[in-house]
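# Per-entry structural report
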Amino acid sequence: MLKYSGEAVAGDKDQGIDPRIVHYMSGEIKKVVNKKISVGLVIGGGNLFRGEELNQDGIDRVAGDHMGMLATVMNGIALRDSLERIGVKTRVMSAIPMPGIVEHYDRRIAIQLLEAGFVVIFTAGTGNPFFTTDTAACLRAIEINADLMIKATKVDGVYSEDPEVNPNANFYSLLKFDEAISKNLKIMDTTALTLARHNNMDIKVFNFKKEDALLKIVNGENLGTLISNG
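Residues numbered from 1 in each chain as written. Predicted model: local features only at pLDDT ≥ 70, side-chain atom pairs only at ≥ 80, totals over all residues. Heavy atoms only, no water.

### Overview of the overall build of the chain
Convention followed: Only DSSP runs of H or I reaching four residues or more are called helices, and only runs of E reaching two or more are called strands; each is numbered from the N terminus. Each radius of gyration reported is based on C-alpha atoms, and the globular scaling rule is 2.2 Å times the count of residues to the power 0.38. Relative accessibility thresholds used throughout: buried, under 20% of the residue-type maximum; exposed, over 50%; partly exposed, between the two (1.4 Å probe, protein chains only). Note on contacts: a residue pair qualifies if any of its non-hydrogen atoms lie within 4.5 Å across the two residues. His is not counted, nor are the chain ends; Lys and Arg add positive charge and Asp and Glu add negative charge. For this purpose, a charge sits on NZ of Lys, CZ of Arg, CG of Asp or CD of Glu.
Secondary structure summary: the chain contains nine helices and eleven strands in total. Its C-alpha atoms give the chain a radius of gyration of 17 Å, within 12% of the compact-globule value 17 Å for 230 residues. Taken over the C-alpha atoms alone, the chain extends approximately 50 × 50 × 35 Å along its principal axes. Looking at the 230 residues of the chain, the share that counts as buried comes to 48%. In the chain, the proportion of contacts linking residues at least 24 apart, taken out of those at least 6 apart, comes to 70%. One way to put it: in the chain the 26 positive side-chain charges average out to a point 5 Å from where the 29 negative ones average out.

Shown next, in the form of structure tokens:
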């Protein structure tokens, strides 16, 4: 299970969808698909809407979160289009029913599609407000019996602080879930980490900007940070 943030899709822009970044992501995913490895994917929507930030501006939190869920669907459709244009069979599933646009999420059908070689993009989060797309990614990874959840970031893995702010921040190649939670490292929200910990779903955090990094992780190379129960 691969997790991209919405901000990643925006590239160097503050908002919107950068077609060059989406094309690059698609190419990296195709390399893994060509290895006959099943790929599920969750993508955020922060490049278009953030429910929590909208709430701070006075919009009802639930309404804002619903808008954020719709943003993830838009990102999913953009990525589906890019993947299909390079010959990768792809389906988009939404936790919110949208007939005629994307398919409604069904665990059994999702597993069947993955086994048939489709990339399945899971959108609209969990379908409920107050849950992040990180939590949705952990949930879907557990539901489809994924071997590993891989979280794409703009840095090489998990650090003690933001390395773009503090170049001397400590890098962690290995972390236990309890340590990640107690240190509040902010790589994922506590709900997502707790869900993964309770279900023994290991998480690999890596820099998606490094070409072939995703393929190297799938091939077992030691890149990024591995978060596990140890």
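So much for the structure itself; the text now carries on.
### Details of the environment of H198
Looking at where H198 falls in the secondary structure, it is placed in helix α8 (residues 190-198). Separated by 117 residues in the primary sequence, H198 and D81 have C-alpha atoms spaced 35 Å apart.

### Side note on the side chain of S228
Along the polypeptide, S228 turns up in strand β11 (residues 225-228). The buried category is assigned to S228, whose relative accessible area is 12%. Setting aside residues up to four positions removed in sequence, S228 forms contacts with L175, K176, F177 and D202.

### Comments concerning the sheet that holds β11
Rule in force here: For two strands to pair, DSSP has to find at least two bridges joining them. The angle between two axes is taken between their N-to-C directions and runs from 0 to 180 degrees, where each axis is a line fitted to C-alpha atoms and a helix contributes only its stretch in contact.
Taken in spatial order, the nine strands line up as β4-β3-β5-β2-β1-β6-β10-β11-β9 in an open sheet, and their pairing is mixed. Only two strands of the sheet have a single partner each, and these edge strands are β4 (103-104) and β9 (174-176). Bridge count between β9 and β11: three bridges; the pairing is parallel. Among the inter-strand pairings, L174 is bridged to a residue of β11, identified as L226. Together, β2 (40-43), β3 (90-94) and β5 (119-123) form the strand contacts of helix α4 (residues 61-85), whose direction differs from that of β5 by roughly 165 degrees.

### Some details on α4
The condition that has to hold: A helix is expected to span 1.5 Å for every residue after the first. Think of a polar contact as two N or O atoms within 3.5 Å of one another; within protein, one of them needs to be a possible hydrogen donor and the other a possible acceptor, and neighboring residues in sequence only count if both atoms come from side chains.
Between the first and last C-alpha of α4 there are 37 Å, a value that for 25 residues agrees with the 36 Å anticipated at 1.5 Å per step. Residues of α4 that are buried: G64, D65, G68, M69, A71, T72, V73, N75, G76, L79, S82 and L83. You can read the cap of α4 off the contacts: a side-chain oxygen lies 3.1 Å from the backbone nitrogen of V62, and it is on D60.

### Topic: the packing of aromatic side chains
Here is the rule we go by: Stacked, tilted and edge-to-face pairs are distinguished by plane angle, under 30 degrees for stacked and over 60 for edge-to-face with tilted covering the rest, among Phe, Tyr and Trp rings (Trp via its six-membered ring) whose centres lie within 6.5 Å. The criterion is that NZ of a Lys, or CZ of an Arg, lies within 6 Å of the ring centre and within 35 degrees of the ring normal, and then a charge sits over that ring.
Applying the stated criterion across every chain, the model contains three aromatic pairs. Taken together, a centroid distance of 5.9 Å and an interplanar angle of 80 degrees make the contact between Y4 and F208 edge-to-face. Taken together, the residues Y4 in strand β1 (residues 2-4) and F208 in the loop between β10 (203-207) and α9 (213-218) connect sequence positions 204 residues apart. Plain terms: the ring middles of Y105 and F122 are 5.7 Å apart, the flat faces sit at 75 degrees to each other, and that makes the pair edge-to-face. Here Y105, found in the loop between β4 and α5 (107-115), pairs with F122, found in strand β5; they are 17 residues apart in sequence, far enough to count as distant. One cation-aromatic arrangement involves R140 over Y105; the distance from NZ or CZ to the ring centre is 3.8 Å.

### Section: the environment of G220
With respect to the helices, strands and loops of the structure, G220 is situated in the loop between α9 and β11. With relative accessibility at 62%, the residue G220 sits in the exposed group. In the structure, G220 is positioned 64 residues away from D156 in sequence and 16 Å away in space, judged by C-alpha atoms.

### Describing the pattern of salt bridges
Condition: What counts as a salt bridge is simple: a side-chain nitrogen of Lys or Arg found within 4 Å of a carboxyl oxygen of Asp or Glu.
Throughout the structure, instances matching the rule amount to 13 salt bridges. Note that E211 is salt-bridged to K31, the shortest N-O span being 3.7 Å. Pair noted here: E211 is in the loop between β10 and α9 and K31 is in helix α2 (residues 19-33), with a separation of 180 residues, a long-range link. Among the residues examined, E211 registers a relative accessible area of 56% and is labelled exposed. Among the residues examined, K31 registers a relative accessible area of 24% and is labelled partly exposed.

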